[in-house]
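Chain and residue survey
Letter by letter, the chains look like this.
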Amino acid sequence: MTDSKKQKESWIVDLAAGQDHVVRDTEHKSKAIIPVRIDAGNSVEVVQVDGGLLTGLPPGNAVCDNLVYTVKDTSTELNITWIIELKGTQNQKNAKHAIEQIIQSIQHMQQQALYPQAAKYIRNRDFVFAGVAGAPDKTLPVLNNVEIKNLCKKLKALSGRRKDVKNMFSLFCRIMPNKKCKKAEIKGNEPPYDIMCYNKQDGYIPYPSMLVRLLKNN
């Protein structure tokens, strides 16, 4: 096995159709989780961004925890990236900081000279989504449209099929794990929406179909 292969395996988890996986932030010991179940016809990478894909950052440059990346989708043929921050906090200031972390992550991934491995995760994508996750049974603060406006503009600009995005706030969601959740579902009357989920039974978030549903809920 080559050194490059070992390096890849250290911060990338490869998932196939039907597999369940719980995205966790073990490095920072956050209790936030995102349980995902890979849709039929899909192969996916779950990528550790902070300390994996992006390393050697200047002091004060905080980036997001993970992203979920569609390698191949033979079902809908959509190329999707989902950038996520596992915050697990009820603190408004910390929740707003999560948005800044995602924006900084995108900016770093666009610097191909510094991070050549990162560019592919946001280039030539049909849709780029972002989400902030809470800890089980902990309420995340509401992030209003003013606070996430710049992020959603960036997400739409990165989305090749931006004409299909009727409301750019559909590209952002809060992930709300709840131990009583038996089936993952979308909550809210208008974007940005919440996704209720948990890592048992059908509480896993179907990826990428549930994200596509965020766009169709408008």
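Here the residue numbers are simple positions, counted from 1 along each chain's written sequence. Local features in this predicted model are restricted to residues of pLDDT 70 or higher, and side-chain atom pairs are both shown and tallied only at a pLDDT of 80 or more, whereas totals for entire chains, interfaces and linings draw on every residue. By convention in this description, side-chain values take in all heavy atoms of the structure and omit both hydrogens and water.

**Focus on the packing of aromatic side chains**
Heads up, the condition is: Two rings from Phe, Tyr or Trp (for Trp, the six-membered ring) form a pair when their centres are within 6.5 Å of each other. A pair whose planes differ by under 30 degrees is stacked, one over 60 is edge-to-face, and the rest are tilted. Here a helix means four or more residues in a row that DSSP labels H or I, a strand means two or more in a row labelled E, and each is numbered from the N terminus. Classification of residues uses two cut-offs on accessible area relative to the type maximum, computed with a 1.4 Å probe and protein chains only: under 20% is buried, over 50% is exposed, and between them is partly exposed.
Going through the model one piece at a time under the given rule, you end up with three aromatic pairs. A centroid spacing of 4.7 Å and a plane angle of 75° characterise the contact between Tyr69 and Tyr121, whose relative ring orientation is edge-to-face. In this pair, Tyr69 is assigned in strand β5 (residues 66-73) and Tyr121 in the loop between α2 (92-109) and β7 (127-133), connecting sequence segments 52 residues apart. Tyr121 shares its class with Tyr69; the two are buried. Residues Phe127 and Phe129 carry aromatic rings whose centres are separated by 6.3 Å and whose planes lie at 50° to one another, so their mutual orientation is tilted.

**Regarding unusual backbone geometry**
Note the cis peptide between Pro191 and Pro192, where omega equals 0°. Position of Pro192 among the secondary structure elements: in the loop between β9 (185-187) and β10 (193-197). Each neighbour pair has its own omega, and for Tyr207 with Pro208 the value is 5°, a cis peptide bond. With respect to the helices, strands and loops of the structure, Pro208 is situated in the loop between β11 (205-207) and α4 (209-216). Despite not being glycine, Glu77 shows a phi value in the positive range, around 60°.

**Brief notes about the pairing of β5**
Put simply, the test is: The rule for pairing is simple: two strands pair if DSSP sees at least two bridges between them.
Burial within β5 is extensive, with six of its eight residues counted as buried. Direction of pairing for strand β4 (residues 42-48) relative to β5: antiparallel, over a ladder of seven bridges. Bridge pairing links Val47 to Leu67 in β5.

**Topic: the confidence of the model for the protein chain**
Applicable threshold: Predictor confidence is given residue by residue as pLDDT, running from a minimum of 0 to a maximum of 100. Pairs of residues are marked as contacts when any of their non-hydrogen atoms sit within 4.5 Å.
Across the protein chain, the average pLDDT comes to 90, with 92% of residues at 70 or higher. Across residues 1-7, where pLDDT falls below 50, the model places two contacts with residues more than four positions away in sequence or in other chains.

**A short note on the pairing of strand β8 (residues 172-177)**
Among the six residues of β8, six are classified as buried, and the element is accordingly described as predominantly covered. Residue alternation in β8 divides its side chains into two sets, Phe172, Arg174 and Met176 and Cys173, Ile175 and Pro177, and both sets are buried. As paired strands, β7 and β8 are joined by four bridges and run parallel to one another. When the bridges of β8 are listed, Ala133 appears paired with Ile175. Note: β8 against β10, five bridges, orientation parallel.

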